[in-house]
Amino acid sequence: MKQKNHRFRGLYWRQMFVTVGMVLLTLLLLGVSFFCLSYNYARNQKSEEIGSRAAVMSRLSVSYLESGRYLSMEELRDDRDFQELVSFAATVSDLQFLICDEEGHVLLSTDGELEGMVVTMPEAMTREIMEKGSTAHRDDLNGLYQNKRFVVGVPAVNPESGETVGEVFAVSTTSSLNSMWQGFIGLFFMTALVVLMISFMASSVTTMRQIQPIREMAAATRQYAEGNFDIRMNDYGRDDEIGELAASFNNMAESLQQTERQRREFIANISHELKTPMTTIAGYTDGILDGTIPPENERQYLQIISNESRRLSRMVRRMLDVSQLQAIDPLRGGGHFDICESMRRVLISMEKKINDRHLDVDADIPEEPILVLGDNDMITQVIYNLLENAAKFAREGSTLYLGVANIDGKARVTVRNVGDTIPAEELPLLFERFHKSDKSRSEDKDGVGLGLYIVKTILEQHREHINVTSENGVTTFSFSLTTE
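Not measured: the values here are computed from a predicted model. (Residues numbered from 1 in each chain as written. Predicted model: local features only at pLDDT ≥ 70, side-chain atom pairs only at ≥ 80, totals over all residues. Heavy atoms only, no water.)

1. Some words on the overall build of the protein
Alright, step 1. When its secondary structure is counted, the protein shows 13 helices and 12 strands.
Alright, step 2. Relative to its 484 residues, the protein shows a buried fraction of 38%.
Alright, step 3. Of the contacts made within the protein by residues no fewer than 6 positions apart, 67% connect residues no fewer than 24 positions apart.
Alright, step 4. Accessible surface, the protein as shown: approximately 28500 Å² in total, 54% of it carbon and sulfur. (Helix = DSSP H or I, 4+ residues; strand = E, 2+ residues; numbered from the N terminus. Buried < 20%, exposed > 50% of the residue type's maximum accessible area, 1.4 Å probe, protein only. Contact = heavy atoms within 4.5 Å. Areas by Shrake-Rupley, 256 points an atom, 1.4 Å probe, with all protein chains shown as cover.)

2. Things to note about the packing of aromatic side chains
Alright, step 1. Overall, the coordinates contain 1 aromatic pair when judged by the stated rule.
Alright, step 2. The ring of Tyr401 has Arg416 sitting right over it, with the charged end atom 4.3 Å from the ring centre. (Phe/Tyr/Trp six-rings, centres within 6.5 Å; stacked < 30°, edge-to-face > 60°. Lys NZ or Arg CZ within 6 Å of the ring centre and 35° of its normal.)

3. Thoughts on the packing of helix 11 (residues 376-393) against helix 13 (residues 451-461)
Alright, step 1. Orientation of helix 11 relative to helix 13, taken along the N-to-C sense of each, is 145 degrees, at an axis distance of 9 Å. The handedness of the crossing between helix 11 and helix 13 comes out as left-handed. Contact residues: Met378, Ile379, Gln381, Val382, Asn385, Leu386 and Asn389 in helix 11; Gly451, Leu452, Ile454, Val455, Ile458 and Leu459 in helix 13. (Axes fitted to C-alpha atoms, helices over the stretch in contact; angles between N-to-C directions. Left-handed = near helix turned anticlockwise from the far one by under 90°.)

4. Describing the sheet that holds strand 4 (residues 149-157)
Alright, step 1. With antiparallel pairing, the 5 strands of this open sheet are ordered in space as 2-1-5-4-3. With partners counted over all chains shown, the strands left at the sheet margins are strand 2 (106-109) and strand 3 (135-139), one partner each. The average undirected angle you get between the axes of adjacent strands in this sheet is 25 degrees.
Alright, step 2. Taken together, the 5 bridges between strand 3 and strand 4 define a ladder with antiparallel strand orientation. Across the sheet, residue Asp139 finds its bridge partner in strand 4, namely Arg149.
Alright, step 3. Most of the contacts of helix 5 (residues 123-132) go to strand 5 (residues 164-172), to which it runs at about 120 degrees, and overall it touches strand 3, strand 4 and strand 5. (Pairing = 2+ DSSP bridges.)

5. Examining the pairing of strand 1 (residues 95-100)
Alright, step 1. Most of strand 1 is tucked away, with 5 of its 6 residues classed as buried.
Alright, step 2. Sheet topology note: the strand 1/strand 5 ladder contains 6 bridges and is antiparallel. Opposite Ile99, over in strand 5, you have Val168 as the bridge partner.
Alright, step 3. In sequence, strand 1 turns back onto strand 2 through a hairpin of 5 residues, with Gly104 there showing a positive phi of about 95 degrees.

6. Focus: helix 13
Alright, step 1. The buried count for helix 13 comes to 8 of 11 residues, which makes it a mostly enclosed element.
Alright, step 2. For helix 13, the set of buried residues is Leu452, Tyr453, Ile454, Val455, Thr457, Ile458, Leu459 and Gln461.
Alright, step 3. Trailing helix 13 by a residue or two, Arg463 shows a phi angle of about 60 degrees, which is positive.

7. Notes on the nonpolar core
Alright, step 1. Ranked by internal contacts, the top residues of the largest apolar core, which has 41 residues, are Ile339, Leu386 and Phe479.
Alright, step 2. Listed by contribution, the elements that provide at least two residues to this core are helix 9 (339-349), helix 11, strand 9 (399-407), strand 10 (410-418), helix 13, strand 11 (466-471) and strand 12 (474-482).
Alright, step 3. With 8 residues, helix 11 is the largest single contributor of residues to this core.
Alright, step 4. In this structure, Leu386 is in contact with Val415, Leu452, Val455, Ile466, Phe477 and Phe479, ignoring residues within four places of it in sequence.
Alright, step 5. Core analysis: the next-biggest nonpolar cluster, separate from the first, contains 15 residues, Ile50, Met57, Ile99 and Ala156 among them. (Core = buried A, V, L, I, M, F, W, Y, C linked by side-chain atoms within 4.5 Å.)

8. Things to note about the sheet that holds strand 9
Alright, step 1. In space, the 5 strands of this open sheet follow the order 7-9-10-12-11, with mixed pairing throughout. Looking at strand neighbours, the two that pair on one side only are strand 7 (360-364) and strand 11, the edges of this open sheet. Between one strand axis and the next, the sheet turns by 15 degrees as a mean value, whatever way the strands run.
Alright, step 2. Here 5 bridges tie strand 7 to strand 9, and the two strands are oriented parallel to one another. Counted as the bridge partner of Ala363 is Leu402 from strand 9.
Alright, step 3. In the packing of helix 9 onto the sheet, the strands contacted are strand 7, strand 9, strand 10 and strand 12, and the crossing angle to strand 9 comes to about 170 degrees.

9. As for the environment of Ser47
Alright, step 1. Positionally, Ser47 belongs in helix 2 (residues 11-67).
Alright, step 2. Beyond its immediate chain neighbours, meaning those up to four positions away, Ser47 contacts Ala136, Phe150 and Val152.

10. Observations regarding the pattern of salt bridges
Alright, step 1. A complete count under the given rule lists 5 salt bridges for this structure.
Alright, step 2. Among the ionic pairs, Glu123 bridges to Arg127, the shortest N-O distance being 3.6 Å. Of this pair, Glu123 and Arg127 are both found in helix 5, 4 residues apart, which corresponds to roughly one turn of the helix.
Alright, step 3. For Glu123, a relative accessible area of 60% gives the class exposed.
Alright, step 4. On the accessibility criterion, Arg127 (42% relative accessible area) is partly exposed. (Salt bridge = Lys/Arg side-chain N within 4 Å of Asp/Glu carboxyl O.)

11. Details of the environment of Glu351
Alright, step 1. Relative to the helices and strands, Glu351 resides in helix 10 (residues 351-356).
Alright, step 2. Given a relative accessible area of 48%, Glu351 falls into the partly exposed group.
Alright, step 3. Along the primary structure Glu351 and Val361 are separated by 10 residues, whereas in three dimensions their C-alpha atoms are 9.8 Å apart.

12. What to know about helix 9
Alright, step 1. Taken residue by residue, helix 9 has Ile339, Cys340, Ser342, Met343, Val346 and Leu347 as its buried positions. Summarising the axial view, the buried residues of helix 9 lie within an arc of 160 degrees, below the 170-degree limit, and thus occupy one face.
Alright, step 2. Sitting at the amino-terminal end of helix 9 is Asp338, which places a side-chain oxygen 3.1 Å from the backbone nitrogen of Cys340. (Arc of directions from axis to C-beta. Polar contact = N/O pair within 3.5 Å; in protein donor to acceptor, adjacent residues only side chain to side chain.)

13. Section: the pairing of strand 4
Alright, step 1. With 7 of 9 residues buried, strand 4 lies mostly within the body of the structure.
Alright, step 2. Of the pairings in the sheet, the one linking strand 4 to strand 5 comprises 8 bridges and is antiparallel in character. Paired with Phe150 across the strands is Ser172, a residue of strand 5.
Alright, step 3. Linking strand 4 back to strand 5 in an antiparallel pair, the connection comprises 6 residues, with Gly162 at a positive phi of about 75 degrees.

This is the structure in C-alpha cells:
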C-alpha cells in the first residue's frame, strides 16, 4: 500500500491529477453557466409560447366572463360557443386553461381532474396580473398539483371598453420543459466525457514525454553514484528545455567521466611514482639491517636512501603545490609586476646549475620594465621551472636562451635550449602529470614529473596557454601575459 501511494506521488501522476482537475473545474464552471443560460432561455421561450396561447384564450373568454351568467359546468357545456372554446383548448396538448373571474375564482377549467372542485388561484398571481399585466411562475397552485408546473396568467380585457373582466391561466405540464432540460444535461455530460478523455490522453502523452527523460536522468545519477560514468541521455531531437537539459546532462557526464579518468590516472601515476623510491628505501634499509650490504658500502647506500627520501618529499610537496594552485585566481586582485625583474632574479638563482652544466646564457631582457597582470610569485615559478627544465636537458656546453618581447599588448616570454629533439607525438604529453620520457628517466633521476604540469596549471589560472616546439635539437617553450 505504501509503495502504491509512493508511485502516485510521482511527477507524472501529479501533473495528470492537476490537468484532469483543471479540466473538470473548467467543465463544471462552463456547465453551470450553460445550464443557467439554457434553462433561462428555455423558460423564456416556453413562457412566450404559453403566454401567446393564454392571450388567445383570454380573447375568446371575454364574452363569457362579461355576461356572468355561466354558473356551472353543465350550463357551459350546452353552449355552442363554449364547445368551440374547448375544441381550441384540445388542440393544445400540453396545456390546461383555467378561466377565472377578477378575484381568481376558477369558473371554467379544461382539466378534467378539477371537475366539481372549487379552485381559487393564489392571490399573488392575481395581483401581479392586475399590476403588471401578466404573471409567469412554477407553482403547485396551493397544493392543487403534486408537482410544480409552469403557470402563465394574463388578464381578459374587453377590447371595446378596455375593462378587465377576468383572468386566464395556462398551466403546462413539466414534461416538455424537463425533456429539454434532460436533453441539455445528457448533451453536456457526453461532451464533458469526450473532452475529458481527449485531455486525459493528450496530457498522458505530453507528460510521459516530459517525465521519460527525467526518469532516465534519475537512473543515470544512480549509476554515477555507483561510479559508472558511461551512461548517456538519449538524444530526443527536442529544441525545448528538456532537450537542452539532456544536452547539458550529457556534457556534465562527459566532464565527470573525464575527471574520473584523470583521478584514476593520477592515483595510478602517483602509486607508481611513490612505489619506486619507497621500494628503493625499503630494500636498501633491509639490506643494511640484515647484513646483505657490506659495512664498507653502507654509506653509499645510505646516500641513495637519503636522495630517494628527499625526492619523495619533493614529490609530495609538488602535489600539494598543485592542489593549492588550482584553488587560486591570480587575476582577481588585478595586480601587476615587472616581468623583466622576475626573469633576472630567476637567472641569478639558477647560476650554479647553469655553471655546473657549463652552459652559456643568451638573455634578451629589456632594461625598461614591462608590467604584466598576474601573480608575481606564480609567474616566477613558471619561469624557474622552464629554465630549470631547459638547463637539465640542454647539451653540455650549449647556449640557453631566455627572452621577453612586447607584442600587440602581450609580453611574450621564450625559453630555448639545444639538446635532443623531442618526438612530435610526445610534445602534447609533456605537461601531463608525472609524465617522463625515456630520455628524462635516464638523465633526470631526481625529477618527479610535475614541473611542467605546474607550469601549465599556473598559466591556465592566468587564462593563458604555453606552446612548445622541438626541431633539429632546438626545443622552445613560449607563453604570453597580458600587459597592464
